[in-house]
Amino acid sequence: MFSGPRRWGAGGDYERVPEGPEAQKCNPEKSASFFSRMTYSWFSRIILLGYKKPLEREDLFELNESDSSYIVCPIFEKQWRKEVLRNQERQEIKASFHKEARARKPSLLYALWNTFKFVLIQVALFKVFADILSFTSPLIMKQMIIFCENRQDFGWRGYGYALALFVVVFLQTLILQQYQRFNMLTSAKIKTAVIGLIYKKALLLSNVSRKRFSTGEVINLMSADAQQLMDLTANLNLLWSAPLQILMAVSLLWQELGPAVLAGTAVLVLVIPINALVATRVKKLKKSQTKNKDKQIKLLNEILHGIKILKLYAWEPSYKKKIVEIREQELEVQKSAGYLAVFSMLTLTCIPFLVSMATFGIYFLLDEGNFLTATKVFTSMSLFNILKLPLFDLPMVISAVVQTRISLGRLEDFLNTEELLPQNIETNYIGDHAIGFTNASFSWDKTGIPVLKNLNIKIPEGALVAVIGQVGSGKSSVLSAMLGEMEKLTGVVQRKGSVAYVAQQAWIQNCILQENILFGSTMQKQFYEQVLEACALLPDLEQLPNGDQTEIGERGVNISGGQKHRVSLARAVYSGADIYLLDDPFSAVDVHIGKQLFEKVIGSSGILKNKTRVLVTHNLTLLPQMDLIVVMESGRVAQMGTYQELLSKTRNLTHLLQAFSEQEKAHALKRVSVINSRTILKDQILEQNDRPSLDQGKQFSMKKEKIPIGGVKFSIILKYLQAFGWLWVWLSVASYVGQNLVGIGQNLWLSAWAKEAKHMNEFTEWKQIRSNKLNIYGLLGLMQGLFVCSGAYILTRGSLAASRTLYAQLLDNVLHLPLQFFETSPIGQIINRFTKDMFIIDMRFHYYLRTWVNCTLDVIGTVLVIVGALPLFILGIIPLVFLYFTIQRYYVASSRQIRRLAGASRSPIISHFSETLSGVSTIRAFGHEQRFIQQNKEVVNENLVCFYNNVISNRWLSVRLEFLGNLMVFFAALLAVLAGSSIDSAIVGLSISYALNITQSLNFWVRKACEIETNAVSIERVCEYENMGKEAPWIMSKRPPAQWPNKGIVEFINYQARYRDDLGLALQDITFQTHGEEKIGIVGRTGAGKSTLSNCLFRIVERSGGKIIIDGIDISTIGLHDLRGKLNIIPQDPVLFSGTLQMNLDPLDKYSDCQLWEVLELCHLKEFVQSLPKKLLHEISEGGENLRVLVLDSGRITEFGTPQNLICQKGLFFEMLTEAGITQDSVTK
């Protein structure tokens, strides 16, 4: 008996205690003073640190306890459980009154409201106060203009107004930034809570539910739908705030202009449905865009998973063409959306002009005695500017509500799906046997046909039990029943003690090898080394780059199938469980390794000798060593007893042994790949070194995604501008300069108009100039609209050109990368370039550039207007500009790195979730659900920490920049008071209204500059592959004859090859020559170099020395496609691409239909293809999942369906795949 390490239980508690740098970086927010919290001064130390050095994760402040996922998730889960119980009670009450009461699902929205209602109310109160203050500043400005018109009141009142204006805008800044802080963090907490609930639910799904929701769909719920919920929450207050702002603005405008304001309101009301129609059209385009993106990513995913096939067959150009075709469809939709954006930009920019034009026009018509004074002009213009944002935002928020309702429905469907019932197994049993079945029948779903029938099995504690039977008899299903993975239809199942499970398909985590084995248990060095030795892993550790600290890649990509199974077995052994369920653990290991594993681990003298062991096996030589043998047949227990009992009592075991013997012989023949040949190269047999070694192709560590540091080089921006097109660049700049100049001209014209009106002595004189002034004002507005339209159109054309160019370069660079790159880089990283990074280039980067240019011109124009009106303003602006650029420099350095850290922290959430879904059976078997839930909280919390620091850094910046803007407002107002009668009231109104607008422009200017730097990383990442080592050219000037090779004479001359410069030679001085039309068998042990030799023929691995000559041509002197297109290979893993059957057979469209039918006949597929409705044009789904399989046994059809469904059934087809050594991953691919 051994004492195993402490292990996690299903109900084990997990308390996270901060340690190391985390403990040192406790959040100082709560201990900060009131002033520090309001101005975010407590965060200054991070900003200063980020300016001195690139920030790392350890530098960031931790979350407040109430904001962390460790607190948020349990509180929300509690409210969700309450909502589920309330819903059950409601349904029971309804059912008592109505026999056919409509079933109602528990509401996710109610649970979220009950969890976050107090903080949501707090956020709403902040918004109310900020909105009220936003309308106070125009009223104070009105009083200042009145004061300047009546100079007899000169004195303390003017200074009071200036100070009041400063206090109001400063208070608005503080309250608005508190609103933004709580609003953004609350929306992030809602997303965190939903993700936590989705993850927990995914660990409890029944088999029926797992079939209903694929891995991709569940991940989409976590990423897209949860994000949609977060986005809506961040803008939720606009649903009531926008109507409130519109109502307040209209009421204040009525006081200024009377009923004329209704004309402006009519224009606003007219714009709302137009914007709604545009939003609806954009939504449809987004749906179409999503379909195109899905097709594109689906094909990219297939290409990257099957990249070896593409390279071996030289199919890259054909599939590149297909990707480009889909991309062009995507760009066409993007172009339509861009043209709609032209209209949106026109309405957004021209709404103030149109509203003011209509209002002033009606104002004059209503009463010819109405004069346009400075007070009315600039107060009204300030109110019209306030109206612009709520009118633009409201239709978008309403559209977002509709989309979020769909997301809520999907989330509720998932959260209310069927779960595995824990009561299927009695785990608190304390009897005299470890596992017991009493009249138990099982199915994979409640309504399905029983797979296991009337089981009556009692397994004593400490027994070694073998479950055997012919293919499809239900052996693996017995283990699934023991684990509770099947639906119990009848009977009783009892299990005593903890369980460890070794699945037939080894599940390996993307972490270091040691962590895969420890699996959450504490390290006990002596026992750990004992496990490694028993599981035959010590020789492998010697060859791994970092021993047991070597990182194992996604799906165990950098270790062999046998090593995966041994790591899986070691994980089970180290857990120290009471019961071990082993599903054919020897299927993927060599015979001598299998013998060692049985003797040292499972057998009577092994490390598990005192444990209960249930072994599904095809190795009948092990049966004499078993304490109990269970013989399965058609889902029933045919025989049960010791080896001697079964041998003496029945002939069934003898028949079974004979059947197994035939199966094993056939299986062995399948595994031997030696073909008779006329020439045996005795002196060139590939030998291993003295020590067992790994194939160099497996000795790669998975590359982690690098987090860039420092500023983005200007060359990256330049690369985008070159792709954009210099003509479009200069035209864009010219249009935006013109737009801003005309906008300034409009306001100056209004100011001059009001100034002239004040000095008019006669009404007739005013009446004569009124129509002319209004016409010129309208003309300026029309010019501004033309500049806006042209700028938006030019931007759309240029951004499309940039998207097309950069995407084409990315695709071309990726397809030219060597195969080793794809074997060492997670596919997610590559796809991320085509999805997230290209999305930023397509949709966001040009928007940030445009906004930054607009803000720059706006700020310059504002300063020039104010200085022109109040020349002394220049004295105040100089120090403010210095402070402004100082703050910007400090902020950008820190914020840029925080955003990069936030971006890098998103990938582990999806990776961990995806990994969990693929290994959910193993996790449940070990009882580690709680540990993995905590791990999910950890990765989510890491992302939340970065998000929190990003939000606070933005608030830190906003408070300081808006404070500088507030000082500009104060200086402008103060100078207007000091100027006395030397300045006209119209100039006062113009300068103060411009100063009020500069606050937002300053903030946006810096924010967008940071966004440009941050998002330029996407351009950098897209262009990253450009500088990586590429394969040799596909086509070279020297090309082989059309009929080459026509003899098939292959000659290796002193050939050497290595996979990487820092690795030793994989092939050393290989010299041999074949004869024409000769069959050659290549044999050797694991790691001898068999695969390397074939890779060298196709130049997948390039030479380090020597050469290969095929029919007189040195293959290194011709292009890769000329070489690979003339050779052929049958790959180990079958790969099918979505598309027609004809396309899969002949992607390059080189052969006639007759030739294809001839090939199909040779492969015994002609009859099958002829039976398909579209024959050669039959559409194949991703991975060939719509190709069905007909399974025969004893002259009868036993199974018929798609490979994926038959695998899930774990019947005869599944058993046959297992015997053939074909993994589930291979079939899925």
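Every value quoted in this text rests on a predicted model; they were computed, and no experiment measured them.

Another aspect to go through is the overall build of the protein. Regarding its fold elements, the protein presents 38 helices and 17 strands. Counting the 1229 residues in the protein, one finds 54% classified as buried. When contacts within the protein are restricted to residue pairs at least 6 apart in sequence, those whose partners lie at least 24 apart make up 82%. Of the roughly 55300 Å² of accessible surface on the protein, a fraction of 57% belongs to carbon and sulfur atoms.

Core analysis: the largest hydrophobic core is formed by 121 residues, its most contacted members being Phe 437 and Leu 581. Broken down by element, this core gets its largest block of residues, eight residues, from helix α6 (residues 156-202). Setting aside residues up to four positions removed in sequence, Phe 437 forms contacts with Phe 442, Leu 455, Asn 456, Ile 457, Lys 458, Val 478, Ala 481, Met 482, Val 492 and Val 493. With 119 residues, the next largest nonpolar core counts Leu 60, Met 230, Leu 944 and Leu 990 among its residues.

Moving on, we get to the sheet that holds strand β9 (residues 636-641). Taken together, the six strands give an open sheet; going across it, the order is β5-β6-β7-β3-β8-β9, and neighbouring strands pair in mixed fashion. Of all strands in the sheet, those with a lone pairing partner are β5 (499-502) and β9, marking the two edges. Ignoring which end each strand starts from, the neighbouring axes of this sheet average 15 degrees apart. Bridging between strand β3 (residues 464-469) and strand β7 (residues 612-616) involves four bridges; their strand directions are parallel. Paired with Leu 464 across the two strands is Arg 613, which belongs to β7. Relative to strand β6 (residues 579-583), helix α14 (residues 475-483) is tilted by about 150 degrees, and along the sheet it contacts β3, β5, β6, β7 and β8 (628-633).

All right, on to the sheet that holds strand β4 (residues 487-495) then. If you trace the three strands from one edge of the open sheet to the other, you get β2-β1-β4, paired in antiparallel fashion. The sheet is open, and its two borders are formed by β2 (452-460) and β4, each paired with just one other strand. Neighbour-to-neighbour, the strand axes of the sheet open up by a mean angle of 0 degrees, direction not taken into account. Examined bridge by bridge, strand β1 (residues 433-443) and β4 share seven bridges and lie antiparallel to one another. Bridge pairing in β4 places Ser 443 opposite Glu 487. Across the face of the sheet, α14 comes into contact with β1, β2 and β4 while running at roughly 110 degrees to β1.

Our next topic: the UniProt feature "transmembrane region" (unreviewed entry) in the protein. The positions that UniProt labels "transmembrane region" (unreviewed entry) are, in the present scheme, residues 159-176, 260-279, 337-366, 774-795, 859-887 and 963-983. Overall, residues 159-176 shows 100% helix and 0% strand. The separation of its end C-alpha atoms is 26 Å. Between the C-alpha atoms that bound residues 260-279 the distance is 30 Å, and the span itself is 95% helix and 0% strand.

On to helix α31 (residues 1090-1097), then. All of the buried residues in α31 are Thr 1092, Leu 1093, Asn 1095 and Cys 1096. Viewed along the axis of α31, the buried residues span an arc of 165 degrees, placing them on a single side of the element. Looking at the buried side of α31, the elements it contacts are α11 (307-313), β10 (1050-1057), β11 (1067-1073) and β12 (1103-1110).

So, on to the pattern of salt bridges. In the structure shown here, the tally under the stated rule is 31 salt bridges. Across the pair Lys 127 and Asp 131 runs a salt bridge whose closest N-O atoms are separated by 3.5 Å. Highlighted residues: Lys 127 and Asp 131, both in helix α5 (residues 108-149), separated by four residues, approximately one helical turn. The burial state of Lys 127 is the same as that of Asp 131; both residues are buried. For Glu 485, the salt bridge identified is with Arg 924, shortest N-O distance 2.8 Å. Within this pair, whereas Glu 485 is found in the loop between α14 and β4, its partner Arg 924 is found in helix α28 (residues 920-926), the two being separated by 439 residues in sequence. Looking at Glu 485, the relative accessible area reads 5%, which means it is buried. The network of salt bridges with shared partners includes Lys 311, Glu 316, Glu 1031 and Arg 1124.

With an omega of -10 degrees, the peptide bond running from Trp 1044 to Pro 1045 counts as cis. Within the secondary structure, Pro 1045 is located in the loop between α30 (985-1022) and β10. Its identity as a non-glycine residue notwithstanding, Lys 1175 has a phi of 50 degrees, on the positive side. Among the residues examined, Lys 1175 registers a relative accessible area of 36% and is labelled partly exposed.

Taken together, the side chains of Trp 113, Ile 121, Leu 125, Phe 129 and Ile 132 present a nonpolar region at the surface, about 490 Å² in accessible area. As for its placement among the helices and strands, Phe 129 is situated in helix α5.

Next up on the list: the packing of aromatic side chains. Applying the stated criterion across every chain yields a total of 30 aromatic pairs. With centroids separated by 6.0 Å and ring planes inclined at 50 degrees, the aromatic side chains of Tyr 720 and Phe 724 adopt a geometry described as tilted. You can see Tyr 720 and its partner Phe 724 sitting in helix α22 (residues 714-724), four residues apart, about one turn around the helix. By relative accessible area, which is 0% here, Tyr 720 ends up buried.

With that settled, consider the pairing of β10. Side-chain positions along a regular strand alternate between the two faces of the sheet. Relative to β12, β10 runs antiparallel, the two sharing six bridges. Within the sheet, the bridge partner assigned to Phe 1052 lies in β12 and is Ile 1108. By the bridge criterion, four bridges tie β10 to β11 in an arrangement that is antiparallel. Bridged to Phe 1052 within β11 is Phe 1072.

A few words on the packing of α5 against α30. Across the interface, α5 lies against α30 with an axial gap of 9 Å and an inter-helix angle of 160 degrees. Judged by the angle between their axes, α5 and α30 are roughly antiparallel. The chirality of how α5 crosses α30 is right-handed. Residues Ser 137, Met 141, Met 144, Ile 145, Cys 148 and Glu 149 of α5 form the contact with α30, whose participating residues are Ser 985, Val 988, Gly 989, Ile 992, Ser 993 and Leu 996. Looking at the contact of α5 with α30 residue by residue, the classes come out as seven nonpolar, four polar and one charged.

About the thresholds
Residues numbered from 1 in each chain as written. Predicted model: local features only at pLDDT ≥ 70, side-chain atom pairs only at ≥ 80, totals over all residues. Heavy atoms only, no water. Helix = DSSP H or I, 4+ residues; strand = E, 2+ residues; numbered from the N terminus. Buried < 20%, exposed > 50% of the residue type's maximum accessible area, 1.4 Å probe, protein only. Contact = heavy atoms within 4.5 Å. Areas by Shrake-Rupley, 256 points an atom, 1.4 Å probe, with all protein chains shown as cover. Core = buried A, V, L, I, M, F, W, Y, C linked by side-chain atoms within 4.5 Å. Pairing = 2+ DSSP bridges. Axes fitted to C-alpha atoms, helices over the stretch in contact; angles between N-to-C directions. UniProt positions renumbered as here; feature names shortened; annotations may be inferred. Arc of directions from axis to C-beta. Salt bridge = Lys/Arg side-chain N within 4 Å of Asp/Glu carboxyl O. Patch = residues over 30% accessible without salt bridge, like charges linked within 9 Å, V, L, I, M, F, W, Y side chains within 5 Å. Phe/Tyr/Trp six-rings, centres within 6.5 Å; stacked < 30°, edge-to-face > 60°. Parallel < 35°, antiparallel > 145°, perpendicular 65-115°, else oblique. Left-handed = near helix turned anticlockwise from the far one by under 90°. Nonpolar A, V, L, I, M, F, W, Y, C, P; charged D, E, K, R; others polar.

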